[in-house]
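Inside the fold
Spelled out, the chains give:
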Amino acid sequence: MYPVTLKGRAVILREFRSDDAAPSLALVGDERVTRWLSFDNRDLEAATAMIEGAVARAKTKPRNEYYLAVTLAGDELVGFARLGLDGVKAAKLGYAIRADQWGHGYATDAARTLTDFGFRELGLHRISAAIGPDNATSIAVAQRLGMEYEGRIRDHVFTNGAWRDSLLYSVLENEW
């Protein structure tokens, strides 16, 4: 399915474009944001490669990820949300919002919109999210989505020079 545009309450999720590389630096180049992600800060070259990869993967068949730009009215890039298809009728959810836009509910709106798309349009059975144990805000987003805590994954990601555990949350289609 390409292209995808999803409208939430306050955000619009759309396919990435090559001109999103520079604005994406406000996320992937900001330690306040990347401290919670599974990768370290990126410079413009790495951000460009990331966006170009997302654009290319969006056109693959079968499509195995929905990595979408989170925008506000006027097409201002404020974040990203991703469903990585994994296993049989399952996906991993990820999201990030620019630090200067935290506290407006954009992560919850984007995650809810993409989760709804996963269950209603993609026919998924299970959506999970792996969240850093200290990321109380993201844990709250998962809980708002009705996700259940499943357990701790030890030394799950290597980021910012150290191994980090993740807390696993999930929601099933019959719970949505």
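Heads up: these notes are all about the structure in this document. Because the structure is predicted, anything quoted here is derived from the model rather than measured.

Let's shift gears to the nonpolar core. By size, the foremost hydrophobic cluster in this structure holds 34 residues, and its most contacted members are Leu13, Leu93, Leu114 and Met147. Of all the secondary-structure elements, those providing two or more residues to this core are β3 (65-72), β4 (76-85), β5 (90-97), α4 (106-120), β6 (126-131), α5 (136-144) and β8 (162-172). Here this core takes seven residues from α4, the largest share from any one element. Leu114 has contacts with Leu6, Leu13, Tyr66, Leu68, Ala81, Arg82, Leu83 and Leu93, leaving out every residue within four places of it along the chain.

This paragraph deals with the side chain of Asp165. Turning to its location among the elements, Asp165 is positioned in strand β8. Engagement of the side chain of Asp165 in a polar contact is seen with the side chain of Arg152, the distance being 2.7 Å. Residues contacting Asp165, with those up to four places away along its chain left out, are Ile131, Gly132, Pro133, Arg152, Ile153, Arg154, Asp155 and His156.

Under the counting rule described, the total for this entry stands at 14 salt bridges. Across the pair Asp20 and Arg14 runs a salt bridge, and its minimum N-O distance is 2.8 Å. The two residues Asp20 and Arg14 agree in class, both being buried. Note that Asp86 is salt-bridged to Lys92, the shortest N-O span being 3.8 Å. By relative accessible area, which is 38% here, Asp86 ends up partly exposed. Given a relative accessible area of 45%, Lys92 falls into the partly exposed group.

Quick look at the packing of helix α1 (residues 21-28) against helix α3 (residues 44-58) now. Remark: α1 packs on α3, axes separated minimally by 9 Å, with the N-to-C direction vectors making an angle of 110°. Regarding the angle of α1 to α3, the classification is roughly perpendicular. Contacts from Ala21, Ala22, Ser24, Leu25 and Val28 in α1 reach Leu44, Ala47, Thr48, Met50 and Ile51 in α3.

Tyr2 connects to Pro3 through a cis peptide bond whose omega is -10°. By secondary structure assignment, the location of Pro3 is in the segment before β1 (5-7). Residue Lys61 is joined to Pro62 through a cis peptide bond whose omega torsion reads 0°. Assignment of secondary structure puts Pro62 in the loop between α3 and β3. A positive phi angle, near 55°, is found at Lys89, a position not held by glycine. Its location among the elements puts Lys89 in the loop between β4 and β5. Under the relative-accessibility criterion, Lys89 is labelled partly exposed at 44%. The residue Asn160 is not glycine, and still its phi comes out positive at about 55°. Topologically, Asn160 is positioned in the loop between β7 (148-159) and β8. Classification of Asn160 by relative accessible area gives partly exposed; the value is 43%.

For α1, the full list of buried residues reads Ala21, Ser24, Leu27 and Val28. Angular distribution of buried residues about the axis of α1 spans 85°; they occupy a single face of the element. Here the buried face of α1 lies against α2 (31-34), α3, β4 and β5.

The rules behind each value
- Residues numbered from 1 in each chain as written.
- Predicted model: local features only at pLDDT ≥ 70, side-chain atom pairs only at ≥ 80, totals over all residues.
- Heavy atoms only, no water.
- Core = buried A, V, L, I, M, F, W, Y, C linked by side-chain atoms within 4.5 Å.
- Buried < 20%, exposed > 50% of the residue type's maximum accessible area, 1.4 Å probe, protein only.
- Helix = DSSP H or I, 4+ residues; strand = E, 2+ residues; numbered from the N terminus.
- Contact = heavy atoms within 4.5 Å.
- Polar contact = N/O pair within 3.5 Å; in protein donor to acceptor, adjacent residues only side chain to side chain.
- Salt bridge = Lys/Arg side-chain N within 4 Å of Asp/Glu carboxyl O.
- Axes fitted to C-alpha atoms, helices over the stretch in contact; angles between N-to-C directions.
- Parallel < 35°, antiparallel > 145°, perpendicular 65-115°, else oblique.
- Arc of directions from axis to C-beta.

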